[in-house]
Amino acid sequence: MTTQSAQAPPPERLQEDFDATIAHDQRIEPRDWMPDGYRGTLVRQIAQHAHSEIIGMQPEGEWIGRAPSLRRKAILLAKVQDEAGHGLYLYSAAETLGTDRAELTQRLIEGRQKYSSIFNYPTLTFADVGVIGWLVDGAAICNQVPLCRSSYGPYARAMVRICKEESFHQRQGYELLMTMMRGTDAQREMVQDAVDRWWWPSLMMFGPPDDASPNSARSMAWKIKRHSNDELRRRFVDMTVPQAEKLGVTLPDPELRRNEQSGRYDFGTPDWDELTRVIKGDGPCNAERMRRRRSAHEDGAWVREAATAHAAKQAARARKEAAA
Ligand code: FAQ
């Protein structure tokens, strides 16, 4: 006989509990009931984020074998490995929502899930490595620090560790650029050229403008996202302009100026058509990034098969020992 207390609460009660948890700024955990839309939004965002970390290894990874010194090589190697780790924490967070990593990888490989537009641009010189650290990791930090307070527990906790590491990434990029700026004219030109190429794509990382962002309102109501795309973009500009001045580079935006009334920076409009094109797969490196991701997945098939066979063998051995 089922007792009253063992019965599942009625759906309206589940929704009320969920709403109250969100309203009180508490965390939703994997065991908790959640609306399908909340679960789906999290899987979409976390998976896109995980795919971005993994594909994001490619642009800088291309420079590991060409780093100008052993020190720079060791730093870059550590950074690129960190990005792999971030991808894995995030796939684990997505798995707590009931979607496994193999399925998410399949969706990426078949082009059914996105990854960040920023990783579809080429890294032409070693200055790009510094600029990715400074601007791309800087934008990632601006976007991700508020995600440490995201309402979904496993995502928020993964973000704490990721943000600590992104902070090291940003500093190494800035330090690399500072070193180059103290070097020759040719090095300074390389840095300025890289800044010119990466500035606008970095602003696009924050997503479309608020009035063209279909997911923001619901994500913010659920406290998955804590700030709108435009607000975070603005914070990034406010944070970065003084750093650019100290570095001695010019940001390629003639409309960029300090607004004396607000104390913040006004800036130009990114080319939203370009963002749309890149998201749809028509950026400078989309085809190359996906080709490499697919071939890495195929090349890794034997590792997955070996790991599965090993786990099955271990489990069989454990069962035999338990039965003995
Ligand atoms: N690229 O309605 P919204 C990193 C899509 S990690 C591609 O505004 P939402 C570390 C969006 O998915 C970088 N697609 O969407 C690193 C949606 O499509 P859907 C990744 C984009 O989710 C550094 C549609 O457009 N970071 O850099 C982009 O509310 C260095 C409508 O957009 C994260 O993923 C874009 N830029 O807000 C690694 C952070 N923007 O799914 C290596 C977590 C938008 O409806 C080296 N994610 N889309 O078909 C987020 O904060 C959010 O998902 C946003 C987008 C802000 C990215």
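Along every chain, residues carry numbers that run from 1 in the direction the sequence is written. Residue-level local features of this predicted model are given only where pLDDT is at least 70; pairs of side-chain atoms are given and counted only at 80 or more, and the full residue set underlies all totals for whole chains, interfaces and linings. Side-chain measures were taken over the full set of non-hydrogen atoms in the model, leaving aside hydrogen atoms and water.

Draft legend 1. Representation of the overall build of the protein chain within the structure. Within the protein chain, the regular secondary structure consists of 13 helices and two strands. Each of the three principal axes of the protein chain carries a C-alpha extent, and together these read 80 × 50 × 30 Å. Any residue under 20% of the maximum accessible area for its type is buried, any over 50% is exposed, and the rest in between are partly exposed; the area is computed with a 1.4 Å probe on protein chains only. By the burial criterion, 47% of the 324 residues in the protein chain qualify as buried. Note on contacts: a residue pair qualifies if any of its non-hydrogen atoms lie within 4.5 Å across the two residues. In the protein chain, the proportion of contacts linking residues at least 24 apart, taken out of those at least 6 apart, comes to 77%. Here the protein chain displays about 16,700 Å² of accessible surface, and carbon together with sulfur accounts for 54% of that area. Between the averaged position of the 45 positive side-chain charges in the protein chain and that of its 45 negative side-chain charges there is a distance of 5 Å. Helix and strand assignments come from DSSP, with helices taken as H or I runs of at least 4 residues and strands as E runs of at least 2, each series counted from the N terminus. Per-residue and other accessible areas were derived by the Shrake-Rupley procedure at a 1.4 Å probe size, with only the shown protein chains allowed to occlude residues. Under the counting rule used here, the positive set is Lys and Arg, the negative set is Asp and Glu, and His together with the chain ends is not counted. Note that the charge is assigned to NZ on lysines, CZ on arginines, CG on aspartates and CD on glutamates.

Draft legend 2. Molecular detail of the pattern of salt bridges. For this document, the term salt bridge refers to a Lys or Arg side-chain nitrogen within 4 Å of an Asp or Glu carboxyl oxygen. Counted according to the given criterion, the structure contains 25 salt bridges. Residues Arg289 and Glu62 are paired through a salt bridge, measuring 3.2 Å at the closest nitrogen-oxygen approach. Of this pair, Arg289 sits in helix H12 (residues 286-299) while Glu62 sits in the loop between helix H3 (57-61) and helix H4 (70-95), and the two are 227 residues apart along the sequence. Accessibility expressed as a relative area gives 27% for Glu62, which makes it partly exposed.

Draft legend 3. Layout of the layout of surface pockets. Here a cavity denotes grid points, spaced 1 Å and computed from the protein atoms alone, that fit a 1.4 Å probe unable to get out, and a pocket denotes an open set having protein on both sides within 12 Å along at least 5 of 7 lines; residues with an atom within 4 Å of a point are the lining. Grid points are joined across faces, edges and corners, and a volume is the space filled by probe spheres set on the points. Here the largest pocket is characterised by a volume of approximately 1,200 Å³. When contributions to the lining of the largest pocket are tallied by element, the ones reaching two or more residues are helix H2 (36-55), H3, H4, helix H6 (126-144), helix H7 (153-181), helix H9 (216-221), helix H10 (229-247) and helix H11 (272-279). The leading source of residues in the lining of the largest pocket is H6, at seven residues. In this classification, Asp, Glu, Lys and Arg are treated as charged, Ala, Val, Leu, Ile, Met, Phe, Trp, Tyr, Cys and Pro as nonpolar, and every other residue, Gly included, as polar. Looking at the lining of the largest pocket residue by residue, the class counts come to 19 nonpolar, 18 polar and 12 charged.

Draft legend 4. Spotlight on the site of the ligand. When at least one non-hydrogen atom of a residue lies within 4 Å of a molecule or strand, that residue is treated as near it. Near the ligand lie 34 residues; those nearest to it are Gln48, Lys114, Ser213, Lys225 and Asn229. Polar contact is defined as a pair of N or O atoms within 3.5 Å, subject to the rule that within protein one atom must be able to donate a hydrogen and the other to accept it, and that residues adjacent in sequence are counted only when both atoms are side-chain atoms. Asn143 is positioned with one of its side-chain polar atoms (N or O) 3.0 Å from an oxygen atom of the ligand. Within the contact set of the ligand, an oxygen atom lies 3.3 Å away from a backbone nitrogen or oxygen of Pro214. When the ligand is considered free in solution it has 1,100 Å² of accessible area, and contact with the protein chains removes 91% of it.

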